[in-house]
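In case you want the letters, here they are:
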Amino acid sequence: MIKITLPDGSVREFDQNVVTPFEVAGDISKGLQKKSLAAKVEGKVVDMDFPIEKDSELSLLTFEDEDGEDTFRHSSSHIMAQAVKNLFPGTKIAIGPAIKDGFYYDFDSEHVFTPEDLEKIEKEMERIVKEDNKFERKEMPRSEAIKLFQELGEDYKVELINDLPEDAKISIYTDGGFTDLCAGPHLPSTGHVKAFKLLNVAGAYWRGNSDNKMLQRIYGTSFPKKSDLENYLNLLEEAKKRDHRKLGQELGLFTLMDEGPGFPFFLPKGTKVKNLLLQYWREIHERENYVEIETPIILNKKLWETSGHWDHYRDNMYTLKIDEDDYAIKPMNCPGAFMVYRNDLHSYREFPIRLGEIGRVHRHELSGALHGLMRVRAFTQDDAHIFMLPEQIKDEIKNVVNKIDEIYEKFGFKYRIELSTRPEDSMGSDEDWENAEASLKKALEELGKPFTINEGDGAFYGPKIDFKLEDCLGRTWQCGTIQLDFQMPQRFDLTYVGKDNEKHRPITIHTVAFGSIERFIGILIEHFAGAFPVWLAPVQAKILTLTDKHNDYANKVYNELRKAGIRAEVDSRNEKIGFKIREAQLQKVPYMLIIGDKEVENDAVGLRKRGEGDLGALPLGEFKERVLKETQERSL
RNA sequence: GCCCAUAUAGCUCAGGCGGUAGAGUGCCACCUUGGUAAGGUGGAGGUCGGCGGUUCAAGUCCGCUUAUGGGCUCCA
């Protein structure tokens, strides 16, 4: 007899020696049996026909569970690989995992896959799904597995097996005529994959290493129901409408030109948004006792040798000659800030010293990596360098984390924190790195902020806490960061005079809140779908005249608003009011002020709010107060 | 940097098999003076991303190149 304990604590008994999750599901209900894709037995994800031989805890996984969804997508990728191999014999298969919202499989093929091929592959997949082949698991010894895949000509699989740990159980799955190396689990059969779509082809290096061969990766997604697939595809369409590159164009915020790949041009409205963000930043930083500096864009090569950039960051730097000497355009602001620190003698009594800098940096990013405002070659960092005593580290980091949290809160952003540790190409002793990593970790833990660890992704001079924000498609981008640095103070021989009247080395952190103002604006545009809150809107109120009789009053309103510091525009064109409203609405202007006879008589404005429609007439004075209040509070 | 795709008017896009370009929108002018998401008529705008080749003839075919998009790699 076997006792199965379910997640709700209930226990079911089976009068047999072996029971499968499929049988357990059937014992609960036929519906659940049909919906279940895989199971978790004693914490391990397994197939529905996994033999359970002893009393166990079991939970059934459906598409609603993350593991169930992954199983579903993973099986989908097998079906795609099978279809590709059927249609293009000789194709070698590499890896095909489930990913967020879908799956991919990497192929090595003489044939170059085209969008038309994707349709053919989908047709073949449909056929395989209709066959409803069972996914059958088989375990085998390493040598046998290697032999099998050698015979199949699957070199990548052989390489994968060779890299598995000595004691690893090697399992393969076969459905219909297709066999693949796979840890599993899989769906009971191919017939479950009712709705799928192949989305695009992309190049991808084998094992993500650019020294390896480039394979062809096909991305797709799949769902148990057709309607779910349609919903997802609609969501993608909707997301495209929020794309900051599209909105940036439509709203006249910024533009990119062939003449400056990766070097965005900010148009008047985009520049306004940028300046409003910087104004906010300056207010916060003044409140937090930062002082602002400005350091040169171009500095002598010697400085970059001192900082280590010349050795560790040279590939990303633009260099130039001035007279006979080598110079570089700064890719980071830190060396300049350290020079400012070194310009004076410092006492421990001054600490912490917080130097802020709105600094434009240039980095040579790979051409293929450029992406709208999100990845550019010139951007503005809202930088800060803090110099302090070792015992101030933890509190200072906490201050900075709280400050970044406050700023992101202002925009209603969800964010993720990652702690990045020592990369391969780095400077400094193991001990320094361990200390640095430990103090960052401790600060986060004491604040109770959840975070994940990103191994080997630190800066070359120290570990860092990264704040990541999402774009409209759920891609994450690093924005804020706090980087601890034990290296630069040594390299620049930074010192302070301590209580003991001796020279000591200060601790330094580098930190940004927005990160790159350009990237942050990109995220902002997508987050608000271009409809900025009143305080950030480049045009806060658009004055729309009914007829040209109303132009004088409209201009009076305009002048009064401008005098009060409200960003207004007048649309006195010879057009109907519906037309002007439509245009202002598409430009996502928060307030529209309709001016007709009624308004002129009562010294009022006909208020219409973006997203809310006609709000009726309001005395001009009241409207002014309302906007000023919202602007001052920076309300969402 | 690598793989694939794309590049036509300010913007969004049409242009089967090669025969020197078209729509909508925007812009300008005129008519219309209209109360909450597109009023009407007319006009101006393009050496079809760039360079080279094939051809009597190239937006269309070929090569190279630049930029953009989707990824990989790398990073704020």
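On a predicted model such as this, the values are computed, not experimentally measured, just so you know.

(A) How the structure looks around unusual backbone geometry. For the bond from Gly-184 to Pro-185, the omega torsion is 0°, close enough to zero to count as cis. Geometrically, the link from Phe-351 to Pro-352 is a cis peptide bond, its omega value of -10° lying close to zero. Positionally, Pro-352 belongs in the loop between α12 (334-342) and β20 (353-362). Positioned with a positive phi, Asp-132 is a non-glycine residue whose angle comes to about 55°. Note that Asp-132 resides in the loop between α4 (115-131) and β9 (136-140). Using a relative accessible area of 39% as the deciding quantity, one classes Asp-132 as partly exposed. Even without glycine at this site, Lys-588 takes up a positive phi of about 60°. By the secondary structure assignment, Lys-588 is in the loop between α18 (577-586) and β31 (591-595). Residue class for Lys-588 comes out partly exposed when judged on its relative accessible area of 25%.

(B) Looking closely at the sheet that holds β31. Pairing is mixed in the open sheet, where five strands are placed in the order β30-β29-β31-β32-β33. The sheet is open, and its two edges are formed by β30 (568-571) and β33 (613-619), each paired on a single side. Pairs of neighbouring strands in the sheet enclose a mean axial angle of 25°, with direction left out of account. Both strand β32 (residues 604-609) and β33 contribute to a ladder of six bridges, which runs antiparallel.

(C) Local environment of the packing of helix α3 (residues 66-87) against α4. Here α3 crosses α4 at 115°, and the two axes come no closer than 9 Å. Accordingly, the angle class assigned to the pair α3 and α4 is roughly perpendicular. Crossing handedness for the pair α3 and α4: right-handed. Residue-level contacts link Ser-76, Ile-79, Met-80, Gln-82, Ala-83, Val-84, Asn-86 and Leu-87 of α3 to Lys-120, Ile-121, Glu-124, Met-125, Arg-127, Ile-128 and Val-129 of α4. Tallied by class, residues from the contact of α3 with α4 come to nine nonpolar, three polar and three charged.

(D) Representation of the sheet that holds strand β24 (residues 464-470) within the structure. Across the sheet, eight strands lie side by side as β16-β20-β21-β28-β25-β24-β22-β23; this open sheet has mixed pairing. The outermost strands of the open sheet, each flanked by one partner alone, are β16 (291-292) and β23 (452-454). Across five bridges, the pairing between strand β25 (residues 476-485) and strand β28 (residues 507-516) is antiparallel. Bridge assignment links Ile-482 to a residue of β28, and that residue is Thr-511. Here α12 sits on the sheet in contact with β20, β21 (378-388), β25 and β28, set at roughly 40° to β21. Sheet strands touched by helix α16 (residues 517-528): β21, β24, β25 and β28. Its angle to β28, the strand with the most contacts, is close to 40°.

(E) Just the domain arrangement of chain A, in detail. Looking at chain A, the domain boundaries give domain 1 (2-62), domain 2 (67-240), domain 3 (254-295 + 332-527), domain 4 (298-329) and domain 5 (541-633). The distance between the C-alpha centroids of domain 1 and domain 5 comes to 65 Å.

(F) Representation of the side chain of Ser-171 within the structure. Structurally, Ser-171 is set in strand β10 (residues 170-175). By relative accessible area, which is 4% here, Ser-171 ends up buried. Among the polar contacts listed, one links the side chain of Ser-171 to the backbone oxygen of Cys-182, at a separation of 2.5 Å.

(G) Structural context of helix α1 (residues 21-28). Those residues of α1 lying buried are Pro-21, Val-24 and Ala-25. When α1 is viewed along its axis, its buried side chains cluster within an angular range of 100° and face the same direction.

(H) Expanded view of the pattern of salt bridges. For the structure shown, the criterion picks out 49 salt bridges. A salt bridge links Asp-155 to Lys-92, with the shortest nitrogen-to-oxygen separation between them at 2.7 Å. In this pair, Asp-155 sits in helix α6 (residues 155-163) while Lys-92 sits in strand β6 (residues 92-93), placing the two residues 63 residues apart along the sequence. A residue is classified by how much of its surface remains accessible, and Lys-92, at 24% relative accessible area, is partly exposed. Glu-560 serves as the salt-bridge partner of Lys-624, at 3.3 Å between the closest nitrogen and oxygen. Taken together, the residues span a long stretch of sequence, with Lys-624 in helix α20 (residues 620-633) and Glu-560 in helix α17 (residues 551-563) at a distance of 64 residues. A relative accessible area of 25% places Glu-560 in the partly exposed class. One salt-bridge network, in which partners are shared between bridges, spans Lys-301, Glu-305, Lys-321 and Asp-326.

Rules and cut-offs
- Residues numbered from 1 in each chain as written.
- Chains lettered and ligands numbered in written order.
- Predicted model: local features only at pLDDT ≥ 70, side-chain atom pairs only at ≥ 80, totals over all residues.
- Heavy atoms only, no water.
- Helix = DSSP H or I, 4+ residues; strand = E, 2+ residues; numbered from the N terminus.
- Buried < 20%, exposed > 50% of the residue type's maximum accessible area, 1.4 Å probe, protein only.
- Pairing = 2+ DSSP bridges.
- Axes fitted to C-alpha atoms, helices over the stretch in contact; angles between N-to-C directions.
- Parallel < 35°, antiparallel > 145°, perpendicular 65-115°, else oblique.
- Left-handed = near helix turned anticlockwise from the far one by under 90°.
- Contact = heavy atoms within 4.5 Å.
- Nonpolar A, V, L, I, M, F, W, Y, C, P; charged D, E, K, R; others polar.
- Domains from an automatic or database assignment.
- Polar contact = N/O pair within 3.5 Å; in protein donor to acceptor, adjacent residues only side chain to side chain.
- Arc of directions from axis to C-beta.
- Salt bridge = Lys/Arg side-chain N within 4 Å of Asp/Glu carboxyl O.

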